[in-house]
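Single-letter residue listing:
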Amino acid sequence: MKRRSLAGLAALLLALALAACGGGAADSAVSTDASVAMDDVQMEAPMETAYGGESYETASAMAAEDGAVRAVKMIRTATLSMETTAFDDAVAGLSGLTERLGGYYENSSIWSGGSGYRWADYTVRVPAERYRAFLEQAGGLCHLISSDESQKDVSEVYYDTQGRLKTQQIKLERLQALLAKAERMEDIITIESAISETEQQIDDLSGTLQHYDALVDYATVYISIQEVYKLSNVEEVPDSFASRIGSAFTSGWAAFTDGVEDVAVALAYGWMWVVLLAVIAAAAVRVLRKRRGGAAPRPKKQDDKTDET
């Protein structure tokens, strides 16, 4: 009987020991699974680079796997400098053209100079597909002095950003699935921190894509309009000597009349100063005349000695 009791006690202790070992192994297995899962998520994210955490090769490869049609992403910009003798008509025409082609004013300003002539500066955004039509029609509203166009291909950086955004979105989905399975508080805190960082990356990349979309979908045109009395010379250089002589006489007379007009306009602006100077000059002349007229005649000297007859 004594031997049977010792044998039963030994069996009970062995069972308890095995149960304790099994529970420790289970806890270790859960923690190990969470750690391995986190390592898997980190391995899915490409190596960190200057582009916010993903390599260009990996992002580009993912975008290529999506099978998306890669249209050329081109940013178009133009600058037009114009002058006109009908300022109000030109401003109204530009506004109507912009509205008719589906564009809008991003910035606009009009001001007047001291000579009474006005200037206007506009930043116009027009749909990319109507960019060329807008330039052609805008150039016909006024006398075009100069124009400049530029294009920038941002396809590479655009699709790179798009691929990195896809990477972060996949990473976020896996982190959220991992968070649903986590039980230890330490694992939950680590995963939530990784989720917060990933969401921030997604917001930044989404904002970058929206910025590029706005620049690509709408071209930017900078326009300056200057009101002038007479348009710049647009005549072609004459070929014959007689034509050159005639043109020279015409230009010389035009320059002379312009100079006279400029002097008259300047006098008109400063007529108060002209009147004031005239009054001062008249007063000075009167003072000088009074001084000369009021001076006593100088007496003649007589000899003290007279001849005795």
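These numbers were taken from a predicted model, which means no experiment stands behind them.

## Describing the packing of helix H3 (residues 87-100) against helix H4 (residues 131-139)
Then, in step 1: Relative orientation of the contacting elements H3 and H4 amounts to 165 degrees, with a least axis distance of 11 Å. As far as their axial angle goes, H4 and H3 are roughly antiparallel. Pair H3 / H4 crosses with right-handed handedness. Residues Leu 94, Leu 97, Thr 98 and Arg 100 of H3 form the contact with H4, whose own contacting residues are Phe 134, Gln 137 and Ala 138.
Then, in step 2: Residue classes in the contact of H3 with H4 are distributed as four nonpolar, two polar and one charged.

## Observations regarding the pairing of strand S3 (residues 118-127)
Then, in step 1: Among the ten residues in S3, seven count as buried, and that is most of the element.
Then, in step 2: Alignment of strand S2 (residues 104-112) against S3, held across eight bridges, turns out to be antiparallel. By the bridge assignment for S3, Asn 107 is matched with Thr 123.
Then, in step 3: Remark: five residues form the turn of the hairpin made by S2 and S3, two consecutive strands paired antiparallel; Gly 116 in that turn has positive phi of roughly 95 degrees.

## What to know about H4
Then, in step 1: By the burial criterion, the buried members of H4 are Tyr 131, Phe 134, Leu 135 and Ala 138. Each buried residue of H4 sits inside an arc of 100 degrees when the element is viewed along its axis, so together they form one side.
Then, in step 2: Looking at the buried positions of H4, the neighbouring elements they touch are strand S1 (74-84), H3, S3, strand S4 (143-153) and strand S5 (218-227).

## Focus on the pattern of salt bridges
Then, in step 1: With the rule as written, the count across this model stands at six salt bridges.
Then, in step 2: Across the pair Asp 88 and Arg 118 runs a salt bridge, and its minimum N-O distance is 3.0 Å. Residue Asp 88 is located in helix H3, and its partner Arg 118 is located in strand S3; the two are separated by 30 residues in the primary sequence.
Then, in step 3: Looking at Asp 88, the relative accessible area reads 49%, which means it is partly exposed.
Then, in step 4: Here Arg 118 falls in the partly exposed class, since its relative accessible area comes to 24%.
Then, in step 5: In this structure, Arg 164 and Asp 160 form a salt bridge, with 3.5 Å as the shortest nitrogen-oxygen distance.

Basis of the calculations
Residues numbered from 1 in each chain as written. Predicted model: local features only at pLDDT ≥ 70, side-chain atom pairs only at ≥ 80, totals over all residues. Heavy atoms only, no water. Axes fitted to C-alpha atoms, helices over the stretch in contact; angles between N-to-C directions. Helix = DSSP H or I, 4+ residues; strand = E, 2+ residues; numbered from the N terminus. Parallel < 35°, antiparallel > 145°, perpendicular 65-115°, else oblique. Left-handed = near helix turned anticlockwise from the far one by under 90°. Contact = heavy atoms within 4.5 Å. Nonpolar A, V, L, I, M, F, W, Y, C, P; charged D, E, K, R; others polar. Buried < 20%, exposed > 50% of the residue type's maximum accessible area, 1.4 Å probe, protein only. Pairing = 2+ DSSP bridges. Arc of directions from axis to C-beta. Salt bridge = Lys/Arg side-chain N within 4 Å of Asp/Glu carboxyl O.

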